[in-house]
Amino acid sequence: MIEAGKPATKLRSEALSILLERGLVHQCTDIDALDRTLSAGPITAYAGFDATAASLHVGHLMPLMTMRWLQKLGHRPIVVLGGGTSLIGDPSFRKDARPMLEEQQIAANIASIRRSVERMLDMDGADGALLIDNAEWLNEFRFLEFLRDYGSQFTVNRMMTFDSVKSRLDAQMPLTVLEFCYMMLQAVDFLELAKRQDCVLQVGGSDQWGNIVNGIELGRRDGRKLHGLTVPLLTTASGAKMGKTAAGAVWLHPEHLSPFGFWQFWRNTADADVGRFLRLFTELPLTEVERLAALEGAELNEAKRILATQVTTILHGPEEARAALQQGDALFSGEEELTEPTHTLARSTLAEGLGLLELVVAVGFASSNGEARRLVEGGGVRLNNSIIDDARRRIAIGDLQANERLTVSVGKRRKALVGFE
RNA sequence: GGAGGAGUGCCCGAGUGGCUAAAGGGGACGGACUGUAAAUCCGUUGGCUAUGCCUACGUUGGUUCGAAUCCAACCUCCUCCA
């Protein structure tokens, strides 16, 4: 293993130089060999994603960006959605086993995840990116056959030395055979892709190192030279693992996090992260990145707007990104306001005496009346831009603005325009 | 198979009969300060038709006026012995 950034000789391939300067490489196998392979001509590379949730999240953006760059430079990306492996659950660096998922659930997750992948990569044409479900081959294996063919290629001794499971073993936490076999399956995935699609590179999160290496070794026994590359773990400058907001994880699928919510997430990047994030998550030229990152104080806000808009464009498209930018500016300028209602309630609710708490819940800013009450009593709720701290406040027709609408906001970042029909 | 230990709120973790919706910390959210940043400080952090009611300390029963706390069985995990 070679730590990123220390090639023995000068790099020749554009792909690797770009990935390195963008900060997308954490570690990789024999960097010179990979460099030669990449500069010799187009290759096929793959990244695998679990289908354990209905959407990918920001952490998955790095392997996706890596694939995107590779595609841009003429290589062919394959995304493997782990329909087969998700039935097992990757134990890497986890303290306990994942809950088992049903096939049906996994199928639904794959369908949903597919959408985000299609936004990030060009799927068209003969050179387009491929989306493959590893259930395609994993489901075909017969148990004894599998054990004879592949089980004989792995030793438990070696498997136990991987950091990904070592911590679990050292902590004396149980590691089931089911989970232990996961790394074999991922290794087989790599070999199958090598055979079927001539895939020679696997990209994954840094926690995937062990799994990737296993695949490479399996390939070597089959006479193949395979390569591995991991992207860094996404953390904030303050060291925290990234990807949480008020609403939970930062999802890529618009049904789980609106494009505006996604834009906001990037807009709120900490100062110290701006440069790094521009490099990792946008395709702006590095000279531009340097210029933006060099801004100081309040000027950095401009860099954050650009960051947010660029990333949102890549994931959700230019239209959505522009809309999010406008919404963001409108929300925080204090001048402009939202123009389109974000929520619509029945007009009859007004006559019935709609409570402020109910309204806050109705627009999704609180999940219960109790939570809404706390927000109100804590002075965090505004109605038409004035703070209301009376939890018993009821909304009447007279509260509507001239346009028959009502703005409700919680904190500085959440604002809704409610229409009544 | 035998002996001992553990299971608490989003997470970690205190609590061994009433004063416990449960200390403390983390995280999260709201407020102040700011630049929609960081750091800091303050507040909140089970639900409801709300001066009351309901649900909650692995599960199910029991003892008691009263149980997270005592008892029994069960489930799961850990340690030691075989």
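Here goes a summary of the coordinates provided. As the structure is a computational prediction, the values presented were derived from the model and not from experiment.

The rules behind each value
- Residues numbered from 1 in each chain as written.
- Chains lettered and ligands numbered in written order.
- Predicted model: local features only at pLDDT ≥ 70, side-chain atom pairs only at ≥ 80, totals over all residues.
- Heavy atoms only, no water.
- Pairing = 2+ DSSP bridges.
- Helix = DSSP H or I, 4+ residues; strand = E, 2+ residues; numbered from the N terminus.
- Buried < 20%, exposed > 50% of the residue type's maximum accessible area, 1.4 Å probe, protein only.
- Contact = heavy atoms within 4.5 Å.
- Polar contact = N/O pair within 3.5 Å; in protein donor to acceptor, adjacent residues only side chain to side chain.
- Expected span 1.5 Å × (residues − 1).
- Salt bridge = Lys/Arg side-chain N within 4 Å of Asp/Glu carboxyl O.
- Axes fitted to C-alpha atoms, helices over the stretch in contact; angles between N-to-C directions.
- Parallel < 35°, antiparallel > 145°, perpendicular 65-115°, else oblique.
- Left-handed = near helix turned anticlockwise from the far one by under 90°.
- Nonpolar A, V, L, I, M, F, W, Y, C, P; charged D, E, K, R; others polar.

Brief notes about the sheet that holds strand E10 (residues 343-345)
(1) Moving on: Sheet architecture is open: five strands sit in the order E10-E16-E15-E12-E13, paired in mixed fashion. Unpaired on one side and paired on the other, E10 and strand E13 (386-387) mark the two borders of the sheet.
(2) Moving on: Strand direction decides the pairing type here: strand E12 (residues 381-383) and strand E15 (residues 405-410), joined by three bridges, are antiparallel. Bridge assignment links Val 381 to a residue of E15, and that residue is Val 410.

Describing the environment of Thr 313
(1) Moving on: With respect to the helices and strands, the residue Thr 313 is situated in helix H15 (residues 300-316).
(2) Moving on: Among the residues examined, Thr 313 registers a relative accessible area of 29% and is labelled partly exposed.
(3) Moving on: Linking Thr 313 and Thr 282, residues 31 residues apart in sequence, is a C-alpha distance of 9.3 Å.
(4) Moving on: Excluding its chain neighbours within four sequence positions, the residues that come into contact with Thr 313 are Pro 318 and Ala 321.
(5) Moving on: At 2.7 Å, the side chain of Thr 313 forms a polar contact with the backbone oxygen of Thr 309.

Brief notes about the environment of Val 376
(1) Moving on: Residue position: Val 376 is located in helix H19 (residues 369-377).
(2) Moving on: For Val 376, the residues in contact, after removing those within four places along its chain, are Leu 356, Leu 357, Val 381, Ile 388, Asp 389, Asp 390 and Ala 391.

Considerations on the pairing of E15
(1) Moving on: Of all six residues in E15, five are buried; the element is thus mostly enclosed.
(2) Moving on: Taken together, the six bridges between E15 and strand E16 (residues 414-420) define a ladder with antiparallel strand orientation. Bridged to Thr 407 within E16 is Leu 417.
(3) Moving on: Remark: three residues form the turn of the hairpin made by E15 and E16, two consecutive strands paired antiparallel; Gly 411 in that turn has positive phi of roughly 65°.

Here we look at helix H11 (residues 209-221)
(1) Moving on: With 13 residues, H11 should cover 18 Å at 1.5 Å per step; its first-to-last C-alpha distance of 19 Å lies within 8% of that length.
(2) Moving on: Of all the residues in H11, the buried ones are Trp 209, Gly 210, Asn 211, Ile 212, Val 213, Asn 214, Gly 215, Ile 216, Glu 217, Leu 218 and Gly 219.
(3) Moving on: Those residues of H11 that are buried are in contact with strand E2 (27-28), helix H7 (156-159), helix H10 (182-197), strand E6 (199-205) and strand E7 (227-231).
(4) Moving on: Just downstream of H11 lies Gly 223, where phi reads positive at about 80°.

Remarks on the pattern of salt bridges
(1) Moving on: The full count for this structure, using the stated rule, is 16 salt bridges.
(2) Moving on: As a salt-bridge pair, Glu 136 and Arg 196 come within 3.3 Å of each other at their nearest N and O atoms. Note that Glu 136 is positioned in helix H5 (residues 135-138) and Arg 196 in helix H10, a separation of 60 residues in sequence.
(3) Moving on: The class for Arg 196 is partly exposed, based on a relative accessible area of 42%.
(4) Moving on: A salt bridge links Arg 347 to Glu 404, with the nearest nitrogen and oxygen atoms 3.0 Å apart. With Arg 347 in the loop between E10 and helix H17 (348-351) and Glu 404 in the loop between strand E14 (394-395) and E15, the pair connects residues that are 57 residues apart, well separated along the chain.
(5) Moving on: Residue Glu 404 is classed as partly exposed on the basis of its relative accessible area of 37%.
(6) Moving on: Where salt bridges share partners, they join Arg 68, Lys 72 and Glu 283 into one cluster.

Quick notes on the packing of helix H13 (residues 274-281) against helix H14 (residues 286-293)
(1) Moving on: In contact at an axis separation of 9 Å, H13 and H14 are set at 160° when each is read in the N-to-C sense. In this view, H13 runs roughly antiparallel relative to H14, as classed from their interaxial angle. Note that H13 runs across H14; the crossing there is right-handed. Where H13 approaches H14, its residues Gly 275, Leu 278 and Arg 279 are matched on the opposing element by Leu 286, Val 289, Glu 290, Leu 292 and Ala 293.
(2) Moving on: For the contact of H13 with H14, the residue count by class is five nonpolar, one polar and two charged.

Thoughts on the packing of helix H1 (residues 14-22) against helix H3 (residues 61-72)
(1) Moving on: Between H1 and H3, the least distance of the axes is 10 Å, while the angle of their chain directions is 145°. Here H1 and H3 pass one another in a crossing that is right-handed. Contacts between H1 and H3 involve Ala 15, Ile 18, Leu 19 and Arg 22 from the first element and Thr 66, Trp 69 and Leu 70 from the second.
(2) Moving on: Split into classes, the residues belonging to the contact of H1 with H3 amount to five nonpolar, one polar and one charged.

Some words on unusual backbone geometry
With glycine set apart, most residues show a phi of negative sign, and most peptide bonds adopt trans.
(1) Moving on: Of note, the phi angle at Asp 198 is positive, near 60°, even though the residue is not glycine.
(2) Moving on: Mapped onto the elements, Asp 198 comes out in the loop between H10 and E6.
(3) Moving on: Look at Asn 384: it is not a glycine, yet its phi comes out positive at around 45°.
(4) Moving on: Looking at the secondary structure, you find Asn 384 in the loop between E12 and E13.
(5) Moving on: Residue classification places Asn 384 among the partly exposed residues on the basis of a relative accessible area of 22%.

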